[in-house]
Amino acid sequence: WGDFSLVFRHGPKRPEDPHPEPRYTELDLQVMPDDRWVALSRTENGSQGPRGIGGGTSVGFSTDQGYTWTKPVQQLMGGGQQFTLLLPHGGLAIATRSHSWQQPGVYVSYNNGRSWSYAVGGPYSTSGAIRLSEDRFIVFTGYEMDTALYHWVPASD
């Protein structure tokens, strides 16, 4: 309890910036089976352009139990209110807030979050996620008490 870890640090504030860029909020961590720590954070940029106001999700890693972290890399354009889940077979899922059921809301990685294998639709206003079993997890929302159930189906030969 005596130590703390600064996971993501924003960049220096330039005179024309309204805030230091980017801004990191809504952080979630997952400890992987190989003891690598994966941190995912909502990433906001106040400037306009492709990485403007909407923000995204940045990923960082620690191999020393959170004492030091890699520089965060913004990998996903959507994001916010993210929750990470350790999946069977070495998978990692991140449930993020989307703005419609047609927009990606769950991303899956099979290399500790260094890249993302696929994305599927997900609910908006996420408020939590839990794994129910080896092949199922659920994402909760704060929007009209909706939930989304995801079921892993192995590929057929």
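Residues numbered from 1 in each chain as written. Predicted model: local features only at pLDDT ≥ 70, side-chain atom pairs only at ≥ 80, totals over all residues. Heavy atoms only, no water.

Colleague: Can you help me understand the packing of aromatic side chains in this one?
Modeller: Between two aromatic rings, the relevant description is the distance of the centres plus the angle of the planes. Per the stated rule, a full pass over the model turns up 2 aromatic pairs. Above the ring of F61, the side-chain terminus of R36 is found at 5.4 Å from the ring centroid. (Phe/Tyr/Trp six-rings, centres within 6.5 Å; stacked < 30°, edge-to-face > 60°. Lys NZ or Arg CZ within 6 Å of the ring centre and 35° of its normal.)

Colleague: Could you clarify how one ought to interpret the side chain of S41 in this entry?
Modeller: Mapped onto the elements of the fold, S41 is located in strand β2 (residues 37–44). Judged by its relative accessible area of 1%, S41 falls in the buried class. If sequence neighbours within four positions are ignored, S41 has contacts with F8, Y24, T25, E26, L27, G56, T57, S58 and Q82. (Helix = DSSP H or I, 4+ residues; strand = E, 2+ residues; numbered from the N terminus. Buried < 20%, exposed > 50% of the residue type's maximum accessible area, 1.4 Å probe, protein only. Contact = heavy atoms within 4.5 Å.)

Colleague: Is there a simple way to explain a nonpolar patch on the surface in this structure?
Modeller: Taken together, Y110, Y118, V120 and W152 make up a surface patch of nonpolar side chains, about 350 Å² in accessible area. Inspection of the secondary structure puts Y110 in the loop between β7 (104–109) and β8 (118–121). Residue class for Y110 comes out partly exposed when judged on its relative accessible area of 37%. (Patch = residues over 30% accessible without salt bridge, like charges linked within 9 Å, V, L, I, M, F, W, Y side chains within 5 Å. Areas by Shrake-Rupley, 256 points an atom, 1.4 Å probe, with all protein chains shown as cover. Salt bridge = Lys/Arg side-chain N within 4 Å of Asp/Glu carboxyl O.)

Colleague: Just to check I follow, could you spell out the nonpolar core for this structure?
Modeller: In globular proteins that are soluble, nonpolar side chains generally tend to be buried together. Within the largest apolar cluster, 11 residues are counted, these being L85, L87, A93, A95, V106, V108, A129, F137, V139, A148 and Y150. Listed by contribution, the elements that provide at least two residues to this core are β5 (83–87), β6 (91–95), β7, β10 (136–141) and β11 (147–151). Among residues more than four places away in sequence, those in contact with A129 are F83, L85, A95, I138, V139 and F140. Core analysis: the second largest hydrophobic core is formed by 10 residues, V38, V59, L76 and L92 among them. (Core = buried A, V, L, I, M, F, W, Y, C linked by side-chain atoms within 4.5 Å.)

Colleague: Explanation requested: the pattern of salt bridges in the structure shown.
Modeller: A full pass over the atoms with the stated rule returns 2 salt bridges. Of the charged contacts in the structure, one is a salt bridge between R42 and E26, with a shortest N-O distance of 3.3 Å. Highlighted residues: R42 in strand β2 and E26 in strand β1 (residues 23–31), separated in sequence by 16 residues.

Colleague: Any chance you could explain the sheet that holds β1 here in plain terms?
Modeller: Remark on secondary structure: sheet strands pair via backbone hydrogen bonds, oriented parallel or antiparallel. The 4 strands are arranged β1-β2-β3-β4 in an open sheet whose pairing can be described as antiparallel. Each edge of the sheet is formed by a strand with only one pairing partner; in this case those strands are β1 and β4 (73–76). Adjacent strand axes in the sheet meet at a mean angle of 35°, parallel and antiparallel pairs treated alike. Direction of pairing for β1 relative to β2: antiparallel, over a ladder of 8 bridges. By the bridge assignment for β2, Q30 is matched with V38. (Pairing = 2+ DSSP bridges. Axes fitted to C-alpha atoms, helices over the stretch in contact; angles between N-to-C directions.)

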